[in-house]
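Residue-level structure breakdown
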Amino acid sequence: MANTKLTNRLLKNQVFRFVISAGAGFLVDVSAFYLFYHNLLTQHTYQIFSYTVRNSTVSLAISFCMGVIVNFLITRYLVFTESKLSAYKQFMRFASVAFLGFFANLAVIKILIQNFGIYPPVARIGAALSLFFASFFIHKAFSFSLSLRHHGTQKHNQPGN
């Protein structure tokens, strides 16, 4: 009985639901990054539009997009359900924030790999975790146009509510 109450309380907590959403996107992102980096993109560098791009950068671009899509869908339908913006506007805003986040991730990964010699999949995890907390508030206020005042427990739109 106590576990059911705790579970219900956690599921009503918007921050907790965001952690689940971001965690799912993160798992997709990091798993895809690992697969692309080690198995699918086997060259050290690639030529893209006459630019030489490292394997880790190409892997990040693909995996990041996959993670963003998963994160957006879960965030839209399970976290910030009370947003009145259209899905298109939400996604465009979410993608804009993610686009900026991509370059922040890329910068952190580059520093961790090139300056500290950290293994790229581990650097990817470190970069994602370092930017997590800011993303909740940015997505809530900007992507979904919701007040930052009440970000703990809010009425969660469930069937029948």
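Further up the page is the structure itself.
Bear in mind that the values here come from a model prediction, so they are computed numbers and not experimental data.

What follows covers the packing of aromatic side chains. Within the structure shown, the criterion is met by 10 aromatic pairs. Considering the side-chain rings of Phe 18 and Phe 80, the 6.2 Å spacing of their centres and the 35° angle between planes classify their relative orientation as tilted. Taken together, the positions of Phe 18 in helix α2 (residues 14-40) and Phe 80 in the loop between α3 (55-79) and α4 (87-115) put the pair 62 residues apart, joining distant regions of the chain. Between the aromatic rings of Phe 94 and Phe 144, the centroid separation amounts to 6.2 Å while the plane-to-plane angle is 70°, which identifies the pairing as edge-to-face. Of the two residues, Phe 94 sits in helix α4 while Phe 144 sits in the segment after α5 (120-143), which places them 50 residues apart along the sequence. Relative accessible area serves as the criterion here: at 1%, Phe 94 is assigned to the buried category.

Attention now moves to α2. Given 3.6 residues per turn, any residue in an α-helix points the same way as the ones three and four places further on. An ideal rise of 1.5 Å per residue puts 39 Å on 27 residues; α2 measures up with 36 Å between its terminal C-alpha atoms. The set of residues buried in α2 consists of Gln 14, Arg 17, Phe 18, Ser 21, Ala 22, Gly 25, Asp 29, Val 30, Ala 32, Phe 33 and Phe 36.

This part takes up the nonpolar core. In globular proteins that are soluble, nonpolar side chains generally tend to be buried together. Formed by 21 residues in total, the largest nonpolar core has its most connected members in Phe 18, Leu 60, Phe 64, Phe 80, Ile 109 and Phe 144. Looking at this core, the elements with two or more residues in it are α2, α3, α4 and α5. If you tally residues by element for this core, the top one is α4, at 6 residues. Excluding its chain neighbours within four sequence positions, the residues that come into contact with Phe 18 are Gly 23, Thr 75, Val 79, Phe 80, Phe 132, Ser 135, Phe 136 and His 139. Residues Ala 32, Phe 36, Tyr 46 and Val 53 belong to the second largest nonpolar core, which totals 6 residues.

Turning next to the layout of surface pockets. Of the volumes computed, that of the largest pocket is approximately 600 Å³. Forming the boundary of the largest pocket are 27 residues, of which Asn 71, Asn 105, Ala 128, Leu 131 and Ser 135 lie nearest the centre. Those elements giving two or more residues to the lining of the largest pocket turn out to be α2, α3, α4 and α5. Here the element with the most residues in the lining of the largest pocket is α5; it accounts for 10 residues. Partitioned by chemical class, the residues of the lining of the largest pocket number 17 nonpolar, 8 polar and 2 charged.

On the surface, Ile 69, Leu 73, Tyr 77, Leu 78, Tyr 88, Phe 91 and Met 92 cluster together into a nonpolar patch covering about 730 Å² of accessible area. Mapped by element, the contributors of at least two residues to the nonpolar patch are α3 and α4. Residue contributions to the nonpolar patch peak at 4 residues, all from α3. For Ile 69, the position within the fold is in helix α3. Its relative accessible area of 46% is what places Ile 69 among the partly exposed residues.

Cut-offs and rules
- Residues numbered from 1 in each chain as written.
- Predicted model: local features only at pLDDT ≥ 70, side-chain atom pairs only at ≥ 80, totals over all residues.
- Heavy atoms only, no water.
- Phe/Tyr/Trp six-rings, centres within 6.5 Å; stacked < 30°, edge-to-face > 60°.
- Helix = DSSP H or I, 4+ residues; strand = E, 2+ residues; numbered from the N terminus.
- Buried < 20%, exposed > 50% of the residue type's maximum accessible area, 1.4 Å probe, protein only.
- Expected span 1.5 Å × (residues − 1).
- Core = buried A, V, L, I, M, F, W, Y, C linked by side-chain atoms within 4.5 Å.
- Contact = heavy atoms within 4.5 Å.
- 1 Å grid on protein atoms, 1.4 Å probe; cavity = no way out; pocket = protein on both sides within 12 Å on 5 of 7 lines; lining within 4 Å.
- Points joined across faces, edges and corners; volume = space filled by probe spheres on them.
- Nonpolar A, V, L, I, M, F, W, Y, C, P; charged D, E, K, R; others polar.
- Patch = residues over 30% accessible without salt bridge, like charges linked within 9 Å, V, L, I, M, F, W, Y side chains within 5 Å.
- Areas by Shrake-Rupley, 256 points an atom, 1.4 Å probe, with all protein chains shown as cover.
- Salt bridge = Lys/Arg side-chain N within 4 Å of Asp/Glu carboxyl O.

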